[in-house]
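# Understanding the architecture of this molecule
One letter stands for each residue in the lines below.
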Amino acid sequence: MNFIDPHIHIASRTTDDLAVMARMGCVLVAEPAFWMGYDRSGTNSFHDYFRQLTEWEPRRCANYGIHHCVWMGINAKEAEDVGFAREVIAELPQFLDRPDVLGVGEIGLHKCTKNEVATLEALIDLALSSNEQMLFHTPHLEDKYKGTRMILDLLANEPRVDPARVCIDHCEEHTIRLALEAGCWAGITLYPTTKATPERTADMVELYGSERLLVNSSADWGPSNPLAVPDFMFTMRKRGHGPAAIRQTVYDNPLRFMRASRNFRFTPPDGSSA
Amino acid sequence: MFTPCSAAETLDREFLTFRAKLVDLAATLDRIDRGEGTPTADPRYKLLRQGLELLAAQEGDRASRMQMLFSLPYDPRWRTDTST
């Protein structure tokens, strides 16, 4: 069965990963701009990174038959210096019209500071003023619940937001209901030690339904697994879910969400319209 | 159409994994005990102990309640809270 990984950091992965992902059925990935493991020293570093995401990584993926899409943004870990963040945000519009740019992401909160909030508000305003979809990173561990609530507060106070064009990512048991009740898509990330396991993700599918769920690996430079989505598919199969239900979560749903982005240009391998 | 497994089927499927996780937790607690010093005043240790109690509770929704145990509180007035 083909699958889509709607959140993976291809820039941190090897060609071996791409080859095995393709062999397992991956046909489409979405790569959000994120923290590369170190703070960048200037706006030019971000500019080059945005070029890498929109020019080089799509070609690398295409060599393995994987279509590559991207989200543009500045992550919460580099959002504390509001002045610097605004300089980076000023770089973004020139990239938003490029092919297969899905919108503004991954943006969000890390330690939930006032400065992070100020940068996030500027990013939300950019997204809404250019009719972009948004992908939100929610904080790690003890900050997740508080940060998720704060992000949803910001969205609820902004009348221009269409929650159907928003994904609240890295949801877990204590935050998934919040995202869904706000009308947003809920992303679940499969990580070896933090976030969710395939078993817990299948639990959440069974408890909340799969209508607005997206399952991703968020595989990057840290402990993570680029085959996490197939692992989840296998878990679902073991638990008695049929092919149609599995396909909805790992293929139909991400396709439906991405189709709402104005620059999405994917042609499914089965010839159906995107 | 998905038909949920019975409780007995789920127990059959999960028993060995569950057992292994419990043994791993027990061994980790032993390892902490064998170390020099006592972490009982460490708030993280207290949280872990509360987590073990939560596991043994009879009420459902344990995963969400466990997550909340390890979460910072949310103040709906955060916009006006100068300490945030």
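Up top is the structure these notes are about.
Notes on the structure in this doc start here. (Residues numbered from 1 in each chain as written. Chains lettered and ligands numbered in written order. Predicted model: local features only at pLDDT ≥ 70, side-chain atom pairs only at ≥ 80, totals over all residues. Heavy atoms only, no water.)

A few words on the packing of helix 3 (residues 82-91) of chain A against helix 5 (residues 114-129) of chain A. Residues and elements named next belong to chain A. Running from amino to carboxyl end, helix 3 crosses helix 5 at an angle of 15°, the nearest separation of the two axes being 10 Å. Accordingly, the angle class assigned to the pair helix 3 and helix 5 is roughly parallel. As for how helix 3 packs across helix 5, the hand of that crossing is right-handed. Note on element contacts: helix 5 touches helix 3 through Asn115, Ala118, Thr119, Ala122, Leu123 and Leu126, opposite Val82, Ala85, Arg86 and Ile89. Partitioning the contact of helix 3 with helix 5 into residue classes produces seven nonpolar, two polar and one charged. (Axes fitted to C-alpha atoms, helices over the stretch in contact; angles between N-to-C directions. Helix = DSSP H or I, 4+ residues; strand = E, 2+ residues; numbered from the N terminus. Parallel < 35°, antiparallel > 145°, perpendicular 65-115°, else oblique. Left-handed = near helix turned anticlockwise from the far one by under 90°. Contact = heavy atoms within 4.5 Å. Nonpolar A, V, L, I, M, F, W, Y, C, P; charged D, E, K, R; others polar.)

Attention now moves to the sheet that holds strand 1 (residues 3-5) of chain A. The strands making up a sheet associate through backbone hydrogen bonding, with each pair oriented either parallel or antiparallel. Residues and elements named next belong to chain A. With parallel pairing, the eight strands of this open sheet are ordered in space as 1-2-3-4-5-6-7-8. Pairing within the sheet leaves two strands with one partner each, and these edge strands are strand 1 and strand 8 (213-216). Neighbouring strand axes in the sheet, compared pairwise and without regard to direction, differ in orientation by 25° on average. Those strands touched by helix 5 are strand 4 (101-108) and strand 5 (133-137), and its axis lies near 165° from that of strand 4. (Pairing = 2+ DSSP bridges.)

Further remarks concern unusual backbone geometry. Residue and element names in this part refer to chain A. Between glycine 105 and glutamate 106 the backbone carries a cis peptide bond, its omega angle lying at -10°. On the secondary structure map, glutamate 106 appears in strand 4. A positive phi is found at leucine 141, a non-glycine position, where the angle reads about 50°. On the secondary structure map, leucine 141 appears in the loop between strand 5 and helix 6 (144-156). Looking at leucine 141, the relative accessible area reads 55%, which means it is exposed. (Buried < 20%, exposed > 50% of the residue type's maximum accessible area, 1.4 Å probe, protein only.)

Disulfides are covalent bonds that connect the sulfur atoms of two cysteines. Residue and element names in this part refer to chain A. All told, the structure shown has zero disulfides over all chains when counted by the stated rule. Cysteine 171 provides the cysteine sulfur closest to cysteine 112, a residue in no disulfide bond, and the two sulfurs are 14 Å apart. No disulfide involves cysteine 167; its nearest neighbouring cysteine sulfur is the one of cysteine 171, lying 7.1 Å away. (Disulfide = S-S within 2.5 Å.)

Moving on: the interface of chain B and chain A. Each side of the interface is counted separately: chain B has 17 residues, and chain A has 21 residues. Buried surface at the junction of chain B and chain A, summed over both partners, amounts to about 1900 Å²; 60% is from carbon and sulfur atoms. Here chain B and chain A share one salt bridge between them. Between arginine 79 of chain B and glutamate 121 of chain A there is a salt bridge, and its shortest N-O distance comes to 2.4 Å. In this structure, the connection of chain B to chain A is made through six residue pairs in polar contact (both at pLDDT 80 or more). (Buried area = accessible area lost by both parts, 1.4 Å probe. Salt bridge = Lys/Arg side-chain N within 4 Å of Asp/Glu carboxyl O. Polar contact = N/O pair within 3.5 Å; in protein donor to acceptor, adjacent residues only side chain to side chain.)

Side chains of nonpolar character tend, in soluble globular proteins, to be buried together. All names here are of chain A. Counting residues in each nonpolar core, the largest one holds 76 residues, and the members touching the most others are Phe50, Met72, Ile124, Met134, Phe136, Leu155 and Ile168. Looking at which element gives the most residues to this core, the answer is helix 5, with eight residues. In this structure, leucine 155 is in contact with Ile124, Met134, Phe136, Val161, Val166 and Ile168, ignoring residues within four places of it in sequence. If you look at the next biggest cluster of nonpolar residues, it comprises 17 residues, including Ile4, Leu135, Tyr251 and Phe264. (Core = buried A, V, L, I, M, F, W, Y, C linked by side-chain atoms within 4.5 Å.)

On to the pairing of strand 3 (residues 67-72) of chain A. All names here are of chain A. With five of its six residues buried, strand 3 lies for the most part within the structure. Two elements, strand 2 (residues 26-32) and strand 3, share five bridges in a ladder whose sense is parallel. In the strand pairing of strand 3, alanine 30 is matched with cysteine 69. For the segment spanning strand 2, helix 2 (residues 43-62) and strand 3, crossover handedness is right-handed. One ladder, built from three bridges, connects strand 3 with strand 4; its direction is parallel. Residue tryptophan 71 lies in a different strand from strand 4, and its bridge partner there is glycine 103. (Right-handed = clockwise from strand over helix to strand, strands pointing away.)

All names here are of chain A. Per the counting criterion, the structure on display carries nine aromatic pairs over all chains. Pairing tryptophan 71 with phenylalanine 257 gives two aromatic rings, centres 6.0 Å apart and planes at 25°, and the pair type is stacked. Here tryptophan 71, found in strand 3, pairs with phenylalanine 257, found in helix 10 (residues 243-258); they are 186 residues apart in sequence, far enough to count as distant. Tryptophan 71 sits in the buried class, given a relative accessible area of 2%. What makes phenylalanine 257 buried here is its relative accessible area of 4%. Grouping aromatic residues by their ring pairs yields a cluster made of Phe46, Tyr49, Phe50, Phe84 and Phe95. Between the NZ or CZ atom of arginine 40 and the centre of the ring of phenylalanine 46, over which it lies, the distance is 4.2 Å. (Phe/Tyr/Trp six-rings, centres within 6.5 Å; stacked < 30°, edge-to-face > 60°. Lys NZ or Arg CZ within 6 Å of the ring centre and 35° of its normal.)

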